[in-house]
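Structure at a glance
Read off the chains here:
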Amino acid sequence: MANWLPRTQVPGQRLSVSATTTPLLPGASALLDLPGLGRLGHFLAVSTDAPGWVSFYSSAAAREADGSRPITQDPTPGSGVLLDLVTTTAALTVTAPPGGTYFSTDGATAPNSPPLLLAVVRNTGTVQAAIALTVFAVVLAP
């Protein structure tokens, strides 16, 4: 008889998770942790309610290492940047590119720690804004 692990999510389930930054001045950034999307999945779409540059990471170390990268520079391959996108208007939803897979390497090593999708949101607008970020995804592994 096999040992089964309880699931908190059903693989293939479509979910959306939202988080909002504190008010950010133009050019400022905030770290966001998005729980509930599991350890592995596919991005379907990402939306923001204000202009912003959003980057997703596989680990906290990758997010920290990428913190000073300018918007004009592509991430280094293998750096842990999973998706990098810019929204140019308020209330914009960007459809994720084909193959937009995410995974979390953090949380897997800490017992009883749920996996988190890690992000940085930067205000690219001209006014101060608290930016709401919503990720639509298909969860493959809870």
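Residues numbered from 1 in each chain as written. Predicted model: local features only at pLDDT ≥ 70, side-chain atom pairs only at ≥ 80, totals over all residues. Heavy atoms only, no water.

**Quick notes on the environment of alanine 96**
Topologically, alanine 96 is positioned in the loop between strand E6 (92-95) and strand E7 (101-103). Through-space distance from the C-alpha of alanine 96 to that of valine 135 is 9.9 Å; in sequence the pair is 39 residues apart. When residues no more than four places from it in sequence are discounted, the contact partners of alanine 96 are Phe43, Leu44 and Ala45. (Helix = DSSP H or I, 4+ residues; strand = E, 2+ residues; numbered from the N terminus. Contact = heavy atoms within 4.5 Å.)

**Remarks on the packing of aromatic side chains**
For the structure shown, the criterion picks out 2 aromatic pairs. Plain terms: the ring middles of phenylalanine 43 and phenylalanine 56 are 5.0 Å apart, the flat faces sit at 50° to each other, and that makes the pair tilted. Of this pair, phenylalanine 43 sits in strand E3 (residues 40-48) while phenylalanine 56 is found in strand E4 (residues 52-57), placing the two residues 13 residues apart along the sequence. Classification of phenylalanine 43 by relative accessible area gives buried; the value is 4%. We classify phenylalanine 56 as buried; its relative accessible area is 0%. Linked through ring pairs, Phe43, Phe56 and Tyr102 together constitute an aromatic cluster. Lying across the ring of tryptophan 53, arginine 122 places its NZ or CZ 3.7 Å from the centre. (Phe/Tyr/Trp six-rings, centres within 6.5 Å; stacked < 30°, edge-to-face > 60°. Buried < 20%, exposed > 50% of the residue type's maximum accessible area, 1.4 Å probe, protein only. Lys NZ or Arg CZ within 6 Å of the ring centre and 35° of its normal.)

**Remarks on the pairing of strand E2 (residues 29-35)**
Within a regular strand, the side chains alternate between the two sheet faces. Residues Ala30, Leu32 and Leu34 point to one face of E2 and are all buried, whereas Ser29, Leu31, Asp33 and Pro35, pointing to the other face, are not buried. As paired elements, E2 and strand E8 (residues 116-123) share 7 bridges and run antiparallel to each other. In the sheet register, leucine 31 faces E8, and the bridge partner there is valine 120. (Pairing = 2+ DSSP bridges.)

What is shown is where atoms sit, not what they do.
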